[in-house]
Amino acid sequence: MDNCDLEKLSVSKGKLQPAFTPEVTDYNVTVESDVNKVTLDLSTSDCGASYNILFGDGSRAIKLSDGTNRVQIEVVAEDGTTKKYCVEINLLSAKIADLSYLALEGDIILHPAFCTKIYEYNSIVPFHCNAVTVLAKVPDRNIKFTVNGEVNSQPVPLNFGDTVVEILVSSADGSNSQVYTVFVTRELIPTAVTFSDGKEQLDYECPVSLAAFYRPVSIKNSDPKHIFSRPYIEMLARRSKVDPLSSCPLGEGWKVVELDVDKKMSAALVKCFFAYRGCDNLMKLSELGSHFLDCPHKPTGDLDAKDVTETTWYKKHFASSSCLEIETQHNSEIRNWEERLQMTAGEYNVDELCALAQDHMNFYRKNLPKPGDMLQYEDGQSPLHSLEQAAFHYASAIRLSSKDARLHFLLGVVLEEQHRAKAMYGLQRKVVSGKADRDRDELSDAKSTARQDDILAVCKLHGFLGTPTVQNQLQALDKEYQQLRDQGQSSKADYVQTLYIWLSKKTGKDSSAAVQDEESCVHRALMKYLDAWSLSPDSWEFNLHVGRLLLLQGTSREALQHLQSGLALRPLHPALRFFTGLALLQQEQKASEDNEKEAALFLQQGLEHFVSQRCSESWVEPDPSDPLSSLSTQFLRGLLTLGHLQQRRVLSEKAMSAEQVYHIVAVLAAQSVSQCVCRGEASWQLEWVLLDVHFALLQRLIQQAEGQARDDIQRQSQVAKRSQALTALIRLTSITPCQELLDMQERACQLSVVTTPRDCHALCLLGLAQLAQYDNNPKSDRSKETLTDACLSFQASIELEEKTQSGEPPAQLSKQKWWQDRLEAENQKAAKQSTTQPAGVKGPSDPRGANSGAKRGRGGPGPGRFAAAVTKAPVPKPAAPTRGGKAARPPAKAPVARGRAGAVAKHDRSPKPSTSCIKPHILSSNSKQDCSPSAADRAEEPAVAHTVCGSGAVNRRSHISRLGLARALSRSADNQDQAKQLYHEVISMAPGVHDAYIELVQLLEPSDPQAAVEVYCRFPLKPVAEQSFDDAFITGEIARMLMSLEQLEHPQLGASLVAYGKVMGLSCIEKYIEILDEKGNTKLLKSVYAKIHDRQEDDQELQDFFRFKCWI
């Protein structure tokens, strides 16, 4: 009687959503655009009930209009009870052009998740993925779509880096269309790429990684086009908003995606990475990744135990029942710092504490920051906090079970990861408002300041006055340490040693200083590894980690003992082999030929294991604590050592060439540097690896040019390109300045000039490097010669503007000592070769012998020596990974302080050092472990020095050479007028270069302050809202000088005060406001205040403020 349900409900077109059930009353259905009528099929559950269709004419035939058609069905039971069902029929418009579904086959994730009204997506696929298939659906079968122009959804071939997949959707009536775009990025292949065509190798080489472009982008308006791999140019752009190769400022929208270059490069033929193992396949670059997976020549990872068991040391110590006696004397103990980590265990047992620690480690790894992330976390959410909690739990577990070696080892892993978290990711303990935390931070800052004051006091005792360079600071500390030891003052000597380690730790090429610092996390990690080893000396794992950290510390003899013991226990372990090979080369005694071959084999096996793992389909991002990680400087420097060995072909059978090893290092180092979240210790160490491998490859390129045609334009171009790239990297590096960088810079510039002696840009860069050498040590014996050389280089660059690069070298080069020495060496070599058979290519000198006799000087060996070293040096022995501090220095001439205090502080009259060239550095100290000569000392020169250059390119005019020459001339009091003239010329050519105005004013102000003001007033300032801090420096200087001259009515004073105050803050002009107030210049004050606050002077609030100040 009261049953008012429908028994059946359906629509002739489309399907109800949800499926019909009598209890559900609301439904939706979508029909295609060509449907203009549907029929309802319905019946009631009770034959005595009736229904009414409340739509249109009430019939079951429903005429549709575009959009939503709401059809209500009223069911009336026999007793009068009613119930309404509603069906919303959505008639698709023939004009819509949307997808209803979009995905990539194979569970490839789209970012963001698909939504009909979102039209751009990104997706990352593995490096071995050659193609993707688009899975798309449309709501209306009359809507058509194509994928990159193809009607059928065929697999879309992928480029080496980025591929754009466009899905063009056309409406049913053809009147509208919509494009959905999916940007597919392939992960980077972790190996070097060798093109079959030498020209393509040059054309497609990234200046940073020296490998094939990855996701290439160019600098807007660069001519010729400057192309970089995207991750690396973005990393450099975060440091300095200039084009690395031209030093021109990066404007808005500077990044131009080069999809055509990516596509063309992807079609080029390349060789298999495993060609050295016999693979002779050629394939497109885009197919290289998939080939890696199936290459039959790829190392399988099955190592031969005989490589270990047949060695002399194994037979002597492990083949019989005897074992190697390890010299390490260590007893497990609980230290003070470890006691502070231990907390009350409460009800937790060891297993529960370990589980909690592992949870914190998992959280840490999951939440590691990426480049560009804001390092701000809620309380308890920082990855570093998770590491600290893991350390607390493991330390507490040790308290309960102190004889469990595994617990000591796990705490060591956490402590070493803490060091990495701070050095690589910039994670720091959050400063909270508690007094104890503030006091601790203040104490830390005070401790750092006190140590620096103590260092300066020691420097003063040893004749280094003022603020010495860090090199000199280290020398003074070393002298003081030796004197105190000789005098028996051991406690004071220990403190001086602490100062030395503290100063060195900030500037090293690796973590060697950190391992020696007893307060560092990595030193504490070594202690825990030793604790674990002392409790379980037969553990291969404990021996591995103790050995590699002892190796890093410089205790190579003990390190080798631990590593050999571990390798005897696990002879097939790649990491044990790798670090054992490294340790063999770092012993005090020179490695024998057999030891070198054994070491090279172990190093290559470690590298092959790394490459095979990365080239596996099942590869996942490894734990950063993995010893064979691309983020480990120790691993990368070990690979550099392998490259040095392979220069002499220590391994010949199925062995990588030196170039191949170096290129792998360059790829890995560039990738790792770009992953650094902050510029700090880890970043500096990785950048050192990148610079060193750049120089090694440049050197090898020049060595290979020996004996080839002197008019090899392609070879010249490659040398010039790599020299320019190395120079750019040094100029933009975040490494603390040091002499080694400066030497490398100058040497790279010399090589570029030797290759293309009429290239204006190369000559200009050489001049900048020479000027930086002078600024670093203006009182040296060679300073006058260095400054003269810089002037000559700049003059040559200016003289050759708008002239062809082909022809004889400029006359200014023949006046420079380094050029004369090179020509003399060339003539001697030619004379020698005319009487004897041509000699093979010689490598750089033996690093062990070179370190004892050679001194690092400007640009390599001193005058008259480096040319001979180029032609006569023997092939190198493998060098241990270089250690030793790279130290900072104060500016040779203090620049005017920019920033908030700039306008108030007393003006520095000294010329301002260049901000666009490399900063001067100081000579780095050679530690005991630094047994390899400077890379700058080892470089050879191409044999094209005094020939006519074949390039027909025309040099362009540039202000940079004139600015450099002006700076060089300004260093001498006799040339100030010429410098001023050149500065004016620079300003005319490039009105927006801040440095030209600032440096010219520094020359003018002492004698003619009015003229100095007029120079600043010529600067083309942008509107205040667009002004930078550099612009604000100039407006602040105008205000300072006009106030000093008491020109209070000068038309630029008010505008300068407003601009400086708006950019830098009102507090920066308070001093000037007080002066103007004292002089009663209220009219100017009211105008300045109103404009800074973007208000009219008659604003009521300002009027009240003016009355309060008694200005009205």
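Our subject is the structure that appears above.
Here we summarise the structure given alongside this text. (Residues numbered from 1 in each chain as written. Predicted model: local features only at pLDDT ≥ 70, side-chain atom pairs only at ≥ 80, totals over all residues. Heavy atoms only, no water.)

Quick word on the pairing of strand β11 (residues 134–137)
- With burial as the criterion, only one face of β11 is covered, namely that bearing V134 and A136; the residues L135 and K137 on the opposite face remain uncovered.
- Across four bridges, the pairing between strand β8 (residues 101–104) and β11 is antiparallel. Residue pairing across strands places Y101 opposite K137, the latter belonging to β11. (Buried < 20%, exposed > 50% of the residue type's maximum accessible area, 1.4 Å probe, protein only. Helix = DSSP H or I, 4+ residues; strand = E, 2+ residues; numbered from the N terminus. Pairing = 2+ DSSP bridges.)

Description of the packing of aromatic side chains
- In total, this model carries 26 aromatic pairs according to the counting rule given.
- Ring-pair connections join several aromatic residues into one group, and the members of that group are F114, Y119, Y121 and Y180.
- The lysine or arginine in question, R822, covers the ring of W819, its NZ or CZ lying 4.2 Å from the ring centre. (Phe/Tyr/Trp six-rings, centres within 6.5 Å; stacked < 30°, edge-to-face > 60°. Lys NZ or Arg CZ within 6 Å of the ring centre and 35° of its normal.)

Quick word on helix α8 (residues 350–366)
- For α8, spanning 17 residues, the distance from its first C-alpha to its last is 24 Å, which sits close to the expected 24 Å at 1.5 Å a residue.
- Of the positions making up α8, those classed as buried are V350, L353, C354, A357, M361 and Y364. End-on, the buried residues of α8 take up no more than an arc of 95°, which puts them together on one face. Looking at α8, the residues exposed on the side facing more than 90 degrees away from the buried face are D351 and K366.
- Where the residues of α8 are buried, they touch α9 (383–400) and α10 (405–425).
- Its side-chain oxygen at 3.2 Å from the backbone nitrogen of D351, N349 defines the N-terminal cap of α8. (Expected span 1.5 Å × (residues − 1). Arc of directions from axis to C-beta. Contact = heavy atoms within 4.5 Å. Polar contact = N/O pair within 3.5 Å; in protein donor to acceptor, adjacent residues only side chain to side chain.)

With respect to the packing of α9 against α10
- For the pair α9 and α10, interaxial distance at closest approach is 9 Å and the crossing angle is 160°. Overall, the two elements α9 and α10 adopt an arrangement that is roughly antiparallel. Crossing angle aside, the handedness with which α9 passes α10 is left-handed. Residues L384, L387, E388, A390, A391, Y394, A395, A397 and I398 of α9 lie in contact with α10, whose contacting residues are L407, H408, L410, L411, V414, E417, Q418, A421 and K422.
- Class assignment for the residues of the contact of α9 with α10 results in 13 nonpolar, two polar and three charged. (Axes fitted to C-alpha atoms, helices over the stretch in contact; angles between N-to-C directions. Parallel < 35°, antiparallel > 145°, perpendicular 65-115°, else oblique. Left-handed = near helix turned anticlockwise from the far one by under 90°. Nonpolar A, V, L, I, M, F, W, Y, C, P; charged D, E, K, R; others polar.)

Focus: unusual backbone geometry
- Between Q17 and the following residue, P18, the backbone shows a cis peptide bond with an omega angle of -5°.
- Checked against the element boundaries, P18 lands in the loop between β1 (6–11) and β2 (26–31).
- With omega at 0°, the peptide bond leading from D223 into P224 counts as cis.
- Position of P224 among the secondary structure elements: in the loop between β17 (216–219) and β18 (227–229).
- Despite not being glycine, R649 shows a phi value in the positive range, around 55°.
- Among the secondary structure elements, R649 is positioned in the loop between α20 (633–646) and α21 (658–675).
- Residue classification places R649 among the exposed positions, given a relative accessible area of 66%.
- One non-glycine residue, C1110, lies in the positive phi region at around 65°.

Don't take any of this as a statement about function, it's just geometry.
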